Amino acid sequence: MSETTPTDAPAEAGASAPGARKRPPFYRDLAFQVLAGVALGVLVGALAPSVGQHVQFLGDIFIHLIQMVVGLIIFCTVTHGIASVRDLGKVGRIAIRSLVYFEVVTTIALVIALVVVNVLKPGSGMHIDPSSLHAPSSATEPAKSEGFDDFLVNLVPTSAVQAFAESSILQILVFSVLFACGLASVGEKAQPVLDLVHTVQQALFWIIRKVMRIAPAAAFGAIGYTVSEYGLGMLLSLGRLVAVFYLIVVLFFGLVLWPVSRYAGVSLLKLLRYFRAELVLVLGTSSSESVFPQLTAKLKKLGVDEPVVGLVLPTAYSFNHDGTCLYFAAVSVFLGQATGADLSWTAQLGLLLVLLLTSKGGAGVSGSAIAVLALTLSATDTIPVSSIALVLGVHSILSAAFVFTNIAGNCVATLVVARWEKAIDRERLRTELDTGYRTAA
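Read on for a plain summary of the structure. (Residues numbered from 1 in each chain as written. Predicted model: local features only at pLDDT ≥ 70, side-chain atom pairs only at ≥ 80, totals over all residues. Heavy atoms only, no water.)

1. Quick notes on the packing of helix H11 (residues 239–263) against helix H16 (residues 322–339)
The interhelical angle for the contact between H11 and H16, taken along N-to-C directions, is 140°, at an axis separation of 10 Å. Our classification of the angle between H11 and H16 gives oblique. At the point where H11 passes H16, the crossing takes the right-handed sense. Contact with H11, carried on its side by Leu241, Phe245, Ile248, Val249, Phe252 and Leu257, involves Asp322, Gly323, Leu326, Tyr327, Ala330 and Phe334 of H16 and no other residues of that element. In terms of residue class, the contact of H11 with H16 is built from 10 nonpolar, one polar and one charged. (Axes fitted to C-alpha atoms, helices over the stretch in contact; angles between N-to-C directions. Helix = DSSP H or I, 4+ residues; strand = E, 2+ residues; numbered from the N terminus. Parallel < 35°, antiparallel > 145°, perpendicular 65-115°, else oblique. Left-handed = near helix turned anticlockwise from the far one by under 90°. Contact = heavy atoms within 4.5 Å. Nonpolar A, V, L, I, M, F, W, Y, C, P; charged D, E, K, R; others polar.)

Spelled out as structure tokens, the structure:
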């Protein structure tokens, strides 16, 4: 399957001759445009907060436009990828290998965050009385705790239409896999349906290419509102937590993603450079859904087989939350330190086990981490849920880092599974990473 990336509008006439590629002017680079939007948003939010409070709609419109098609893109990608292979044994093997990888890496992420936050103790000495905190109920009201049986039941939608309407990634994924398996069982008679799915997928990517043109405005709106709402002073007041969390993220990249990337035969720096437009965008919007279509297209362009991309990437969006796990562990212990809660190693082991469950199945939408964090604290019954109010002012700064980490981790995970399956064109991968980044962004 051949298609341009959603963010790569120019034709690739010179793709066969790497030397013929010319680096576009810096001001046409999407990453630069998004960074400019972020910088302008900070200035407007700080210097004209009355204006900044009314620009959030730009980010909301962008997110809604992406959410409008992301469910259909998942469906088309998974369906076309699996049904084209018609090897259900291979599909099952990819799924099992992916889930094992996700569980191992997210567990390592939790352990790294717990160790660092216990050593540096960013919340020690704060002596916060939880009863004095008042946070918006919508942000801190914990969701209903569900058991593993409830989780399994909720994987299956009562209606396929409802799954798409509610943008439930896991339910869409389950339906898509079942539908693809059904098409695979039909054989050649399913080819007209596959052609239709492929055509719909191309139309959806056209929409994404157009939507990406307003990404800089979306980043401007999201950051402008955040700064105007909380102010630079309040954001800096919790700078110790922010600094420790960013250190944790750097350690995770250095201790986990870098060696895993080397194992997959990929330079992590080149990979981050290749996806730089998407990574910068999530820094501004704090939404991983906003770049799902672009990641899908670019991973295929790197030479990863469509079935691997179609199954691993959507599953990773629900089960491979590397950065979110770093956030949950670091912030939970920070709140415990700040409020004087019991933080014995026994209590933290219980926290780790709870996080292994609550961190799965997230929606990938900006703000959803707060609800899951509230559920986690409620389940542990040691750290007061009301203490979440302490981090609301810096949540957007933290979420930018953990969503960035999620996206990078999902790209690495897809390449690792592709290597296990021998489902990647190594020469194409090397060529794209060495030269393709100039037009990838």
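There is more to say after this.
2. Section: the environment of valine 105
Within the element layout of this structure, valine 105 appears in helix H4 (residues 88–120). Here valine 105 falls in the buried class, since its relative accessible area comes to 4%. Taking the C-alpha atoms as reference points, valine 105 and phenylalanine 252, 147 residues apart in sequence, are found 10.0 Å from one another. (Buried < 20%, exposed > 50% of the residue type's maximum accessible area, 1.4 Å probe, protein only.)

3. Observations regarding the packing of aromatic side chains
Applying the stated criterion across every chain yields a total of 14 aromatic pairs. Relative to phenylalanine 175, the ring of phenylalanine 164 has its centre 6.3 Å away and its plane inclined at 85°; by these criteria the two rings are edge-to-face. A residue pair is termed long-range when its members are at least 10 positions apart, and phenylalanine 164 in helix H7 (residues 160–165) and phenylalanine 175 in helix H8 (residues 169–186) qualify at 11 residues. Seen from their ring centres, phenylalanine 175 and phenylalanine 179 are 6.0 Å apart, and the 25° between their planes marks the pair as stacked. Here phenylalanine 175 and its partner phenylalanine 179 are both found in helix H8, four residues apart, which amounts to about one turn of the helix. For phenylalanine 175, a relative accessible area of 27% corresponds to the partly exposed category. Relative accessible area serves as the criterion here: at 31%, phenylalanine 179 is assigned to the partly exposed category. One aromatic cluster is present, built from ring pairs that chain together Phe245, Tyr246, Tyr327, Phe328 and Phe402. Geometry around tyrosine 274 places lysine 298 over its ring, the cationic atom sitting 5.5 Å from the centre. (Phe/Tyr/Trp six-rings, centres within 6.5 Å; stacked < 30°, edge-to-face > 60°. Lys NZ or Arg CZ within 6 Å of the ring centre and 35° of its normal.)

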